[in-house]
Amino acid sequence: TTSWGLGRLDVFARGAAGQLMHLIYNGERSYWRDLGGALAAESGIAAVSSSSHPLDVLARDSSDNLVWKYNTGTTWSDWIPLGGTITSGPAAVPVGPGYLAVFARSKTGTLLYRDYDGANWSAWLDLGGTIKACSDPAAISFTDGRIDVFVLANDNFLYQRTLTFSGWSAWTKLAGTITFSSGPAVASRMDGQLDVFARGPGLTLWQKTY
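First things first, this report covers the structure right here in the doc. Note that the coordinates shown come from a computational prediction; the quantities given were computed from them, not determined experimentally.

1. Brief notes about the overall build of the chain
Thought 1: A tally of helices and strands in the chain yields 0 helices and 19 strands.
Thought 2: Expected size for 210 residues packed as a compact globule is a radius of gyration near 17 Å; at 17 Å, the chain falls within 12% of this value.
Thought 3: For the chain, the spread of C-alpha atoms along the three principal axes comes to 45 × 35 × 35 Å.
Thought 4: Expressed as a percentage of the 210 residues in the chain, the buried residues total 46%.
Thought 5: Taking as baseline every contact in the chain between residues at least 6 positions apart, the subset at least 24 positions apart corresponds to 34%.
Thought 6: The averaged location of the 17 negative side-chain charges in the chain is 6 Å from the averaged location of its 16 positive side-chain charges.

The following block contains the structure:
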């Protein structure tokens, strides 16, 4: 789910045949629209609104490739294959004018990263780590020039890496055991604040605030 503008929500989901489905709420709820594609089962979909496009959607297809589709404001592009072999749903975050950062789990369990500058995609960069299977990363930019990404590792702890103008930080282990294969979610209520959510012991919801 993402918001294109004031009072609007765009919801995306995988359909029964593996296609991307799109629902709009803009004062009234639309019908589901079929946007095609062949998405992997049980894999998350990343949808964001950026200055490059009102809507960018990234997903893992049935061949474990990263695929991309965007809306120009009036029409949808075709699905664009971005290559790579990923084993999770992607996490996407807009950062600055026209800039989009994307993360996913590699076939060896490490964190992969690539970005879009408004015209071209970079090559994949391997950021290391040991991400648990069936767990999607979560990423956010809560202040200018910074990206934070969170993953659930094989030891059932959350780990964080941060990108600033100085480059990538080392992995930081966050206290608290997450005992199930559920990826984290992250949000920001204001500039300089992060809230991370994950599933903990007893199927409970846990929150950590920075």
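2. A short note on the side chain of H22
Thought 1: If you trace the backbone, H22 turns up in strand β2 (residues 20-25).
Thought 2: For H22, a relative accessible area of 4% corresponds to the buried category.
Thought 3: For H22, the side chain forms a polar contact with the side chain of D10, separated by 2.7 Å.
Thought 4: Ignoring any residue separated from it by four or fewer positions in sequence, one finds H22 in contact with R8, D10, V11, F12, Y31, W32, R33, L35, L55 and W76.

3. Digging into the sheet that holds strand β5 (residues 55-60)
Thought 1: A sheet is described by the order of its strands in space; here 4 strands give the open sequence β4-β5-β6-β7, paired in antiparallel fashion. Strands at the two margins of the open sheet, each flanked by one partner only, are β4 (46-48) and β7 (80-81).

4. Observations concerning the nonpolar core
Thought 1: One finds V93, A101, F103, L111, Y113, A139 and I147 to be the most contacted residues of the largest nonpolar core, which totals 17 residues.
Thought 2: When residues of this core are traced back to their parent elements, those giving at least two are β8 (91-94), β9 (100-105), β10 (111-116), β13 (147-152) and β14 (157-164).
Thought 3: When near neighbours in sequence (up to four residues on either side) are disregarded, A101 contacts A91, A92, V93, Y113, R114, D115 and I147.
Thought 4: Counting residues in hydrophobic clusters, the runner-up holds 14 residues, among them L66, A104, Y116 and W121.

5. Section: the layout of surface pockets
Thought 1: Volume-wise, the largest pocket comes out at about 380 Å³.
Thought 2: Lining the largest pocket are 20 residues, with T1, A46, A47, V48 and A92 sitting closest to its centre.
Thought 3: Contributing elements (two or more residues each) for the lining of the largest pocket: β4, β8, β12 (138-140) and β17 (185-187).
Thought 4: The greatest single-element share of the lining of the largest pocket, amounting to 4 residues, is contributed by β8.
Thought 5: Residue composition of the lining of the largest pocket, grouped by class: 17 nonpolar, 3 polar and no charged.
Thought 6: What the second largest pocket holds in volume is close to 160 Å³.
Thought 7: In terms of lining, the second largest pocket is formed by L158, A175, G176, T177, I178, V196, F197, A198, P201, W206, Q207 and K208.
Thought 8: Taken together, the elements giving at least two residues each to the lining of the second largest pocket come down to β16 (172-177), β18 (195-199) and β19 (205-209).
Thought 9: A per-class count over the lining of the second largest pocket returns 8 nonpolar, 3 polar and 1 charged.

6. What to know about the pattern of salt bridges
Thought 1: Evaluated as defined, the whole model comprises 4 salt bridges.
Thought 2: D148 is the salt-bridge partner of R146, the closest N and O atoms lying 2.7 Å from each other. Like D148, R146 is buried.

7. Focus on the side chain of R105
Thought 1: By the secondary structure assignment, R105 is in strand β9.
Thought 2: The side chain of R105 sits in the buried core without any salt bridge; D136 is the nearest counter-charge, 8.3 Å away.
Thought 3: Side-chain polar atoms of R105 contact the backbone oxygen of I131, separated by 2.9 Å.
Thought 4: The residues contacting R105, other than those within four sequence positions of it, are T85, I86, T87, S88, T110, I131, K132, A133 and S135.

Each value, and the rule that gives it
Residues numbered from 1 in each chain as written. Predicted model: local features only at pLDDT ≥ 70, side-chain atom pairs only at ≥ 80, totals over all residues. Heavy atoms only, no water. Helix = DSSP H or I, 4+ residues; strand = E, 2+ residues; numbered from the N terminus. Rg over C-alpha atoms; globule rule 2.2 N^0.38 Å. Buried < 20%, exposed > 50% of the residue type's maximum accessible area, 1.4 Å probe, protein only. Contact = heavy atoms within 4.5 Å. Lys, Arg positive; Asp, Glu negative; His and termini not counted. Charge placed at Lys NZ, Arg CZ, Asp CG, Glu CD. Polar contact = N/O pair within 3.5 Å; in protein donor to acceptor, adjacent residues only side chain to side chain. Pairing = 2+ DSSP bridges. Core = buried A, V, L, I, M, F, W, Y, C linked by side-chain atoms within 4.5 Å. 1 Å grid on protein atoms, 1.4 Å probe; cavity = no way out; pocket = protein on both sides within 12 Å on 5 of 7 lines; lining within 4 Å. Points joined across faces, edges and corners; volume = space filled by probe spheres on them. Nonpolar A, V, L, I, M, F, W, Y, C, P; charged D, E, K, R; others polar. Salt bridge = Lys/Arg side-chain N within 4 Å of Asp/Glu carboxyl O.

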